[in-house]
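Descriptive structure summary
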Amino acid sequence: MHGLGNCYIYVNMFEEKLEESQLPSLAVKVSNVNTGIGSDGMILICPSDKAPIKMRVFNNDGSEAKNCGNGLRCVAKYVFENKLVTDKVFKIETLGGLVQAEVHLNENGEVHLITVDMGEPRLKRKDLPMLGEEESLVINEPFPVDEQTYLLTGVSMGNPHAILFVDDIEKSPVTTLGPKIEKHEKFPEWVNVEFVEVLSETELNFRVWERGSGVTQACGTGACAAVVAAILNNYSKKGREVTVHLLGGDLIINWTEAGNLLMTGPAEYICVGELV
Ligand SMILES: N[C@H](CCC[C@H](N)C(=O)O)C(=O)O
């Protein structure tokens, strides 16, 4: 399945049995476009004792992440249409905490849009984590890389994001600067790197270099983090729907006055198959 082109191989763990120790290597194997299936990673749809469903996310380098926005929308579509849940609104457990999904049906009763309440962003340096004063926020902080200094805002959605604002998204150094910040020593668990061009208070252009996967077509948690960073830097305000233009399409993100983030967007099947 994919969410705006951010594709994963989804495994229904209500039906499959996988060896825990094999999960990272299996994620690398299935993600390989030449010797596997080809994807940005692997997502497991698991039983949970905290919610009807638990989602686990593995990047294509085999690293496990605590959250995945595009993955949550695909999981929500899959579990509703495969009757693993019966309500249109249900909770999903992630390693980054509980979220709540609401599926929206088209005239054929298929899930065509999903809204996920992603909960509150975590803004302290220790939440990323990023080296430095643990309780402090990371807002437009000077960040030297090689001979240049960039301004960086840090936001955690359960997984870490470093956001840089640019004047022209088409010229953002995604593949050159992205990997240098992803594995920078200031981020002990590495970091997702987002480049954002502010078009207006309600519209952002967005590109991403994902931790553990590189350039992807879209990043749902990254889009949420980008809207939070825009508001923290006074480019926008809470309580309004912001359209984030990602390579693969648009997400509607609202950092509400109540403090939680609502993310709305599509999810699509690509194929169904079995691993040999
Ligand atoms: N690469 C991310 C996980 C996938 C997140 C992204 N694909 C999304 O839709 O949020 C990380 O290591 O934190």
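Residues numbered from 1 in each chain as written. Predicted model: local features only at pLDDT ≥ 70, side-chain atom pairs only at ≥ 80, totals over all residues. Heavy atoms only, no water.

The name given to the chain in an unreviewed UniProt entry is Diaminopimelate epimerase, with Anaerobacillus isosaccharinicus as the source organism. Entered under Pathway (unreviewed entry) in the UniProt record, the comment concerning the chain runs "Amino-acid biosynthesis; L-lysine biosynthesis via DAP pathway; DL-2,6-diaminopimelate from LL-2,6-diaminopimelate: step 1/1." (UniProt positions renumbered as here; feature names shortened; annotations may be inferred.)

**Brief notes about the nonpolar core**
The biggest cluster of nonpolar side chains holds 56 residues, and the ones touching the most others in it are V75, I92, V244 and I253. Per-element tally for this core: the top contributor is helix α4 (residues 220-232), with nine residues. Ignoring anything within four residues of it in the chain, the contact list for V75 reads Y10, I43, I45, I53, M55 and I92. Ranked by size, the runner-up nonpolar core spans 18 residues in total, among them L128, F143, V191 and W209. (Core = buried A, V, L, I, M, F, W, Y, C linked by side-chain atoms within 4.5 Å. Buried < 20%, exposed > 50% of the residue type's maximum accessible area, 1.4 Å probe, protein only. Helix = DSSP H or I, 4+ residues; strand = E, 2+ residues; numbered from the N terminus. Contact = heavy atoms within 4.5 Å.)

**Observations regarding the packing of aromatic side chains**
Aromatic ring pairs are reported here in terms of the distance separating the ring centres and the angle at which the planes meet. Going through the model one piece at a time under the given rule, you end up with three aromatic pairs. Of note, K183 hangs over the ring of W190, and the distance from its end group to the ring centre comes to 4.7 Å. (Phe/Tyr/Trp six-rings, centres within 6.5 Å; stacked < 30°, edge-to-face > 60°. Lys NZ or Arg CZ within 6 Å of the ring centre and 35° of its normal.)

**Details of the UniProt feature "binding site: substrate" (unreviewed entry) in the chain**
The UniProt entry lists N6, N59, G69, N70, N159, N192, E210, R211, G220 and T221 under the feature "binding site: substrate" (unreviewed entry), expressed in the numbering used here. With respect to the helices and strands, N192 occurs in strand β13 (residues 192-200). If sequence neighbours within four positions are ignored, N192 has contacts with N159, P160, H161, A162, W209, E210 and R211. Secondary-structure assignment places R211 in the loop between β14 (203-210) and β15 (214-215). On the basis of relative accessible area, R211 is assigned to the buried category, the value being 10%. The contact partners of R211, leaving out residues within four places of it in the chain, are N59, A65, N159, P160, E182, E189, W190, V191 and N192.

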